[in-house]
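# Coordinates in review
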Amino acid sequence: MTLVQSVPDLVPSRSIALRNIVKVYHTPIGPKTVLDDVSFQVMPGEKLAVLGQNGAGKSTLVKIIGGVEQPTSGTVDIGMSMSWPLGFSGGVSANMTGFDNIRFIARIYDKPIRDLIDQVDDFAELGKDLYLPVRLYSSGMRARLLFALTLAIDFDCFLIDEVLAVGDQRFQRKCHEALFVERKHCAMILVSHSVPAIREYCDRALVLKNGRGKVFEDLDFAISIYASL
Amino acid sequence: MTDVAASLPGGFPSYYCFCGPPSARAIFVSRLGIDLLRAVFGNVQLVYANKAKDLVGQLREQSSSPVLLYFDFPDPVIARVVVEKGIPTVLVSEPFEDIVLYSMAAWGMDLHAAIRFATHSVVALHQIGRSRTINSLQLQGRDLALTELVNLLALSLGIEVSTEALQRLIAPYDNHQPHRVDEIVRRRIEHAEASFDLRSKLSSDERQLLAEIASSYQPMTEGRQPEKISWPGGICLNGDRRDASMSGSVDMTGPARILSFGPYLHLPAGRWAADMRFFVSGNWSRNMIMMEVTAGSRVLAVGQSDLPAVGAFSMRIPFSVEEHETPVEVRSVLRNGAIEGDFRLLEIVVTPDDGQIRRPLQRPGQGSLPGQKTSQSSP
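Residues numbered from 1 in each chain as written. Chains lettered and ligands numbered in written order. Predicted model: local features only at pLDDT ≥ 70, side-chain atom pairs only at ≥ 80, totals over all residues.

## Quick look at the overall build of chain A
What chain A contains, in helices and strands, is seven helices and nine strands. Whereas a compact globule of 229 residues would reach a radius of gyration of roughly 17 Å, chain A reaches 19 Å, a difference of no more than 12%. Within chain A, the proportion of its 229 residues that are buried is 38%. Partitioning the intrachain contacts of chain A with sequence separation of at least 6 by distance along the chain shows that 68% fall at a separation of at least 24. (Helix = DSSP H or I, 4+ residues; strand = E, 2+ residues; numbered from the N terminus. Rg over C-alpha atoms; globule rule 2.2 N^0.38 Å. Buried ≥ 20, exposed ≤ 12 C-beta atoms within 10 Å, placed from the backbone. Contact = placed C-beta atoms within 7 Å.)

See below:
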């Protein structure tokens, strides 16, 4: 009998890895580099904060991770199921009802429609409003639908873009419980300006500055940099 | 100043003055000066004061004896009174390096502290060093005989020494034939031997640092106006490790903070311009640097600029020193948090300000870069 030792991959397949991401937009005044050689990796269960001032490239990074935008160069390896950006309204059709949007998502993610409707209805508490076109929803109602839809899919990693303040206080508490307590085993990429939230939920941080990015294992050090950017 | 001047009622020849930096030779000369005056006049009152108020306090107890003033860090008032009153004065001029080494040997200072100490004395004495009423005496390298030195001192002070007085004066040194001054200093002055031997115990980096600063301050010990004063990066302190010198590169990664500070060296009063020369690399995320010149708690001038990604640059700001007693500090400050980049302070060159308006940040030989501002506090 021969024993063969297995050699793990340098980059585990169950991870989200971005390598040397560059994103350049062409503007009337010339090319603008929004992300410049940004690399990082998120392993299962890890919670990565993304910190940076407005214009540092956070939103572009979220769109690239979420697959909404393609990088100009660099590679994005999504090795686990990844949510759309929480708070990203592009995932639902405004002309379709909430109910139809749920059915649409259920088909894409191969989930039982009835179960998904029940879960979303239970969480979003939209009641009969689910049968109205989403364009008639208030911003709070739309955020509740999206939040409920995101939680209803069993993602390995959640991409959260500054939406921890959805709806009223009671709903915020409900979101917090569902996301950070019930799904604490999930990986998260949390883009936020809220230092208390970052401290509470994250264990590492990617700090973006003028399109450049660096991951810090020491969260307090990263926050101290962010505080004086 | 009026009080101090009024406290010197006798005028010439009641007052004599010996001064010099803290060094073995200066101490010996001052002791010999006391002996000389005692040999000539009998009783002599010794007054040691660097501050005008101390001088006034001691002179209240004056006797009818001649007064010998001694100082090594005179404040501007004492310096002015000595010059304006025309008090016969012997200023011992010493090599800057010897002052530093003696300070280290005598008071256990580290090299940086001894350099700060020495610049204070050299700049303070520089106030009077250029006056024609002062007799500057340089002993180093002259290999004088003791009798020659005594005669030189007597000549400088305008007093006559009889043969008997001279014999009485040099009698205690009889066992040191043939009375060479350097040999006597080495044997008689505490810590002299150790200070002369200390140079060989310094590391090569320390020797280089000392030599670089000495070359800037040496002209002042010789009564000349310095054309430029260079403070090497190594004399400044690292903002991240307060007890470490600023040699080598500093990782800029971190919150907004002071990258380098110090060197707390002294400058003569006047208008100056500081050129901070540095090398930066890996600064791809566009940080901003601020340069701040301070004296004590007072900010003398501030300038700031965008920091280029890579290269050697200099940042220049003019400032005024009102009095030499407060040491000057030049800080480099990272204005914002940084996620990358290395910063190396090469040197700070301080030159008398020629009054020309220049942009504060310049790549040597290539002009200035955009986005710079400076401000200078009004006196």
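On we go from here.
## Looking at the overall build of chain B
When you go through chain B residue by residue, the secondary structure sums to eleven helices and 18 strands. Put simply, chain B has 379 residues, and 44% of those count as buried. Long-range contacts, defined as pairs at least 24 residues apart, comprise 75% of the intrachain contacts of chain B with a sequence gap of at least 6.

## Some words on the environment of Leu116(A)
Residue and element names in this part refer to chain A. By the element assignment, Leu-116 lies in helix α3 (residues 113-124). In this structure the C-alpha to C-alpha distance between Leu-116 and Lys-128, which are twelve residues apart in sequence, comes to 16 Å. Once residues within four sequence positions are removed from consideration, Leu-116 is found in contact with Ile-102, Ile-105, Ala-106, Lys-111 and Ala-152.

## Some remarks on the packing of helix α2 (residues 24-41) of chain B against helix α7 (residues 146-157) of chain B
All names here are of chain B. Between α2 and α7, the least distance of the axes is 10 Å, while the angle of their chain directions is 70°. Taken together, the axis directions place α2 and α7 in an arrangement best described as roughly perpendicular. Facing α2, whose interface residues are Leu-32, Gly-33 and Leu-36, α7 presents Leu-149, Val-150, Leu-153 and Ala-154. A class-by-class count of the residues in the contact of α2 with α7 yields six nonpolar, one polar and no charged. (Axes fitted to C-alpha atoms, helices over the stretch in contact; angles between N-to-C directions. Parallel < 35°, antiparallel > 145°, perpendicular 65-115°, else oblique. Nonpolar A, V, L, I, M, F, W, Y, C, P; charged D, E, K, R; others polar.)

## Considering the sheet that holds strand β2 (residues 30-42) of chain A
All names here are of chain A. In spatial order, the strands read β2-β1-β4; together these three strands make up an open sheet with antiparallel pairing. On the outer flanks of this sheet lie β2 and β4 (73-78), each paired with one strand and no other. When strand polarity is set aside, the average angle formed by the axes of neighbouring strands in this sheet is 25°. Sheet analysis places strand β1 (residues 16-27) next to β2, joined by ten bridges and oriented antiparallel. Opposite Val-24, over in β2, you have Thr-33 as the bridge partner. Packed onto the sheet, helix α1 (residues 58-65) meets β1, β2 and β4 and runs at close to 60° relative to β2. (Pairing = 2+ DSSP bridges.)

## Details of the domain arrangement of chain B
Residues and elements named next belong to chain B. Structurally, chain B comprises domain 1 (2-199) and domain 2 (227-376). Taken together, the contacts link ten residues of domain 1 with eleven residues of domain 2. Ranked by residue count, the leading element in the side of domain 1 that touches domain 2 is helix α6 (residues 111-129), at eight residues. Here the side of domain 1 that touches domain 2 is built from residues that sort into four nonpolar, four polar and two charged. (Domains from an automatic or database assignment.)

## Some words on the interface of chain B and chain A
With ten residues of chain B in contact, the opposing surface of chain A contributes twelve residues. Here the residues of the side of chain B that touches chain A sort into four nonpolar, four polar and two charged.

## Quick notes on the pairing of strand β8 (residues 204-209) of chain A
Residues and elements named next belong to chain A. Of all six residues in β8, five are buried, a share of seventy percent or more. The sheet contact formed by strand β3 (residues 47-52) and β8 spans five bridges and is parallel. When the bridges of β8 are listed, Leu-48 appears paired with Arg-204. For β8 and strand β9 (residues 212-216), the ladder comprises five bridges, and the chain directions are antiparallel. In the sheet register, Leu-206 faces β9, and the bridge partner there is Val-215. Between β8 and the antiparallel strand that follows it, β9, lie two residues; Asn-210 among them carries a positive phi value of about 45°.

## Structural notes on helix α7 (residues 219-227) of chain A
All names here are of chain A. Every buried residue belonging to α7 is among Ala-222, Ile-223, Ile-225 and Tyr-226, and all of these are buried. In an axial view of α7, the angular spread of the buried residues amounts to 160°, which keeps them on one side of the axis. Turned more than 90 degrees off the buried face of α7, the exposed positions are Asp-220 and Ala-227. In this fold, the buried residues of α7 make contact with β3, α6 (195-201), β8 and β9. (Arc of directions from axis to C-beta.)

## Here we look at the nonpolar core
Val50(A), Cys157(A), Ile189(A), Ala205(A), Val207(A) and Ala274(B) are the most contacted members of the largest nonpolar core, which totals 170 residues. Tallying contributions element by element places α6(B) first for this core, with ten residues. Setting aside residues up to four positions removed in sequence, Val50(A) forms contacts with Lys58(A), Leu61(A), Ile189(A), Leu190(A), Val191(A), Leu206(A) and Leu208(A). (Core = buried A, V, L, I, M, F, W, Y, C linked by C-beta atoms within 7 Å.)

## Quick look at the environment of Gln172(A)
All names here are of chain A. On the secondary structure map, Gln-172 appears in helix α5 (residues 169-181). Its 13 C-beta neighbours within 10 Å are what place Gln-172 among the partly exposed residues. Through-space distance from the C-alpha of Gln-172 to that of Ser-73 is 38 Å; in sequence the pair is 99 residues apart.

## Some thoughts on unusual backbone geometry
Look at the link from Gly262(B) to Pro263(B): it is a cis peptide, with omega at 10°. Looking at the element boundaries, Pro263(B) is found in strand β10 (residues 263-265).

## Quick look at the domain arrangement of chain A
Split by domain assignment, chain A resolves into domain 1 (13-81 + 155-229) and domain 2 (89-154). Taking only C-alpha atoms into account, the centre of domain 1 of chain A sits 24 Å from that of domain 2 of chain A.

## Comments concerning the sheet that holds strand β7 (residues 187-191) of chain A
Residue and element names in this part refer to chain A. Pairing within the open sheet is mixed, and its six strands lie in the order β5-β6-β7-β3-β8-β9. Edge strands, defined here as strands with exactly one partner in the open sheet, are β5 (82-86) and β9. Looking at each pair of strands side by side, their axes are set apart by 15° on average, direction ignored. In this structure, β3 lies alongside β7, joined through four bridges in parallel fashion.

## Here we look at the packing of helix α2 (residues 98-108) of chain A against α3(A)
Residues and elements named next belong to chain A. Their axes nearest at 9 Å, the elements α2 and α3 cross at an angle of 130°. What the angle tells us is that α2 and α3 run oblique. In terms of crossing hand, the pair formed by α2 and α3 is right-handed. Touching Phe-99, Ile-102, Arg-103, Ile-105 and Ala-106 of α2 are Ile-113, Leu-116, Ile-117 and Val-120, all from α3. Of the residues that constitute the contact of α2 with α3, the class distribution is eight nonpolar, no polar and one charged. (Left-handed = near helix turned anticlockwise from the far one by under 90°.)

## Regarding the confidence of the model for chain B
Residue and element names in this part refer to chain B. This prediction gives chain B a mean pLDDT of 86; 88% of its residues lie at or above 70. Low confidence marks residues 363-371, where pLDDT is under 50. Its contacts with residues over four positions away, or in another chain, come to 15 contacts. For this predicted complex, the interface score ipTM comes out at 0.83, while the overall pTM is 0.84. (pLDDT = per-residue confidence, 0-100.)

## Comments concerning the confidence of the model for chain A
Of the residues in chain A, 91% reach a pLDDT of 70 or more, and the chain-wide mean stands at 88. Below a pLDDT of 50 lies the segment residues 1-10 of chain A, which in the model reaches zero contacts outside its immediate sequence neighbourhood of four places, other chains included.

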